[in-house]
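# An overview of the molecular structure
The primary structure of each chain is shown beneath.
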Amino acid sequence: MLLKDDEHWMGIALSLAASARDMDEVPVGAVVVRDNEIIGEGFNQTLNLNDPSAHAEIMALRDAARKVENYRLVDACLYVTIEPCTMCAGALIHARIRRLVYGAKEPRAGAIESSIQVLDNPSLNHKLEVTSGVCEDAASEIMSTFFRSKRKKT
């Protein structure tokens, strides 16, 4: 996949992150793409749904699985604005996502390369291709601005 394509899909994920921010959720957005078409999308909704698993990646995977009527999303790519956590990394493996593309690293909870490297576990029966740093500045900025405004309110 070309960087131009990656930036296009990440731009949509960033728009979804803005939707999360507008609902006062941590601004993370995700899209699942297969055959150059979005088959799933989501953004963080943990607070509004009272659901600890309602991360952007999980919401996008659920949406895609419903649309294709299969929990296996073989040959699909997930674009997400921030490095996935352990829960989301596990879901990507179970869904058989072919490729993960993310924007900014998440130094505290990121489970791809920042805090732990979940996908590098040799016992896993599925391996993903990973590309990081796509639209990294924009992904970092939406998070920084969100948390800066939260700190000002307190």
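What comes next concerns the included structure. Quick caveat, the model's predicted, so the values are computed rather than measured. (Residues numbered from 1 in each chain as written. Predicted model: local features only at pLDDT ≥ 70, side-chain atom pairs only at ≥ 80, totals over all residues. Heavy atoms only, no water.)

## Here we look at the pairing of strand E3 (residues 77-82)
Put simply, the rule is: For every residue, the accessible area obtained with a 1.4 Å probe (protein chains only) is divided by the maximum for its type, and the residue is called buried under 20%, exposed over 50%, and partly exposed between those limits. Numbering of helices and strands runs from the N terminus, with a helix taken as a DSSP run of H or I at least four residues long and a strand as a DSSP run of E at least two residues long. The criterion for strand pairing is that DSSP finds at least two bridges linking the strands in question.
For E3, the tally of buried residues reaches six of six residues, placing the bulk of the element in the interior. The sheet contact formed by strand E1 (residues 29-34) and E3 spans four bridges and is antiparallel. Within the sheet, the bridge partner assigned to Val33 lies in E3 and is Cys77. Where E3 and strand E4 (residues 99-104) come together, five bridges link them in parallel fashion. Within E4, the residue paired with Tyr79 across the bridge is Val101.

## Overview of helix H3 (residues 56-68)
This is how the line gets drawn: Expected span, for any helix, means 1.5 Å times one less than how many residues it has. The contact definition used throughout considers only heavy atoms, calling two residues in contact when any of these lie within 4.5 Å.
For H3, built from 13 residues, the straight-helix expectation of 18 Å at 1.5 Å per residue is met to within 8% by its first-to-last C-alpha distance of 18 Å. Within H3, the full set of buried residues consists of Ala56, Glu57, Ile58, Met59, Ala60, Leu61, Asp63, Ala64 and Ala65. Where H3 is buried, its residues contact E1, strand E2 (37-43), helix H2 (46-49), E3 and helix H4 (86-95). Immediately downstream of H3, the backbone of Glu69 shows phi near 55°, a positive value.

## Structural notes on the side chain of Gln45
Mapped onto the elements, Gln45 comes out in the loop between E2 and H2. The exposure class assigned to Gln45 is buried, which follows from its relative accessible area of 16%.

## Quick word on the pattern of salt bridges
Filter applied, for reference: We define a salt bridge as a side-chain nitrogen of Lys or Arg found within 4 Å of a carboxyl oxygen belonging to Asp or Glu.
The full count for this structure, using the stated rule, is eight salt bridges. In this structure, Arg62 and Asp51 form a salt bridge, with 3.6 Å as the shortest nitrogen-oxygen distance. Of this pair, Arg62 sits in helix H3 while Asp51 sits in the loop between H2 and H3; the two residues are 11 residues apart in sequence, bridging distant segments of the chain. Accessibility expressed as a relative area gives 33% for Arg62, which makes it partly exposed.

## Some thoughts on unusual backbone geometry
Although it is not a glycine, Asn36 sits at a positive phi angle of roughly 60°. Along the chain, the position of Asn36 falls in the loop between E1 and E2. One non-glycine residue, Asp75, lies in the positive phi region at around 70°. With respect to the helices, strands and loops of the structure, Asp75 is situated in the loop between H3 and E3.

## Observations regarding the nonpolar core
If you look at soluble globular proteins, the nonpolar side chains tend to sit buried side by side. Rules: Grouping buried Ala, Val, Leu, Ile, Met, Phe, Trp, Tyr and Cys residues that are joined through side-chain atoms within 4.5 Å yields what is termed a nonpolar core.
Core analysis: the biggest nonpolar cluster contains 44 residues, and Val32, Leu61, Leu73, Leu78, Tyr79, Ile97 and Leu100 have the highest contact counts within it. Elements that contribute at least two residues to this core include exactly helix H1 (3-22), E1, E2, H3, E3, H4, E4 and helix H5 (136-153). Beyond its immediate chain neighbours, meaning those up to four positions away, Leu78 contacts Val31, Val32, Glu57, Ala60, Leu61, Leu92, Ile97, Arg99, Leu100 and Val101.

## Section: H5
Since one α-helical turn is 3.6 residues long, residues separated by three or four positions face the same way. Rule in force here: Directions pointing from the helix axis toward each C-beta atom define the arc.
Counted at 1.5 Å a residue, the expected span for H5 with its 18 residues is 26 Å, and the 26 Å between its end C-alpha atoms agrees. For H5, every residue scored as buried is listed here: Ala139, Ile142, Met143 and Phe146. Buried residues of H5 fall within an arc of 90° about the axis and therefore sit on the same side. Away from its buried face by more than 90 degrees, H5 exposes Asp137, Arg151 and Lys152. Check the buried side of H5 and you find it contacts H1, E3 and E4.

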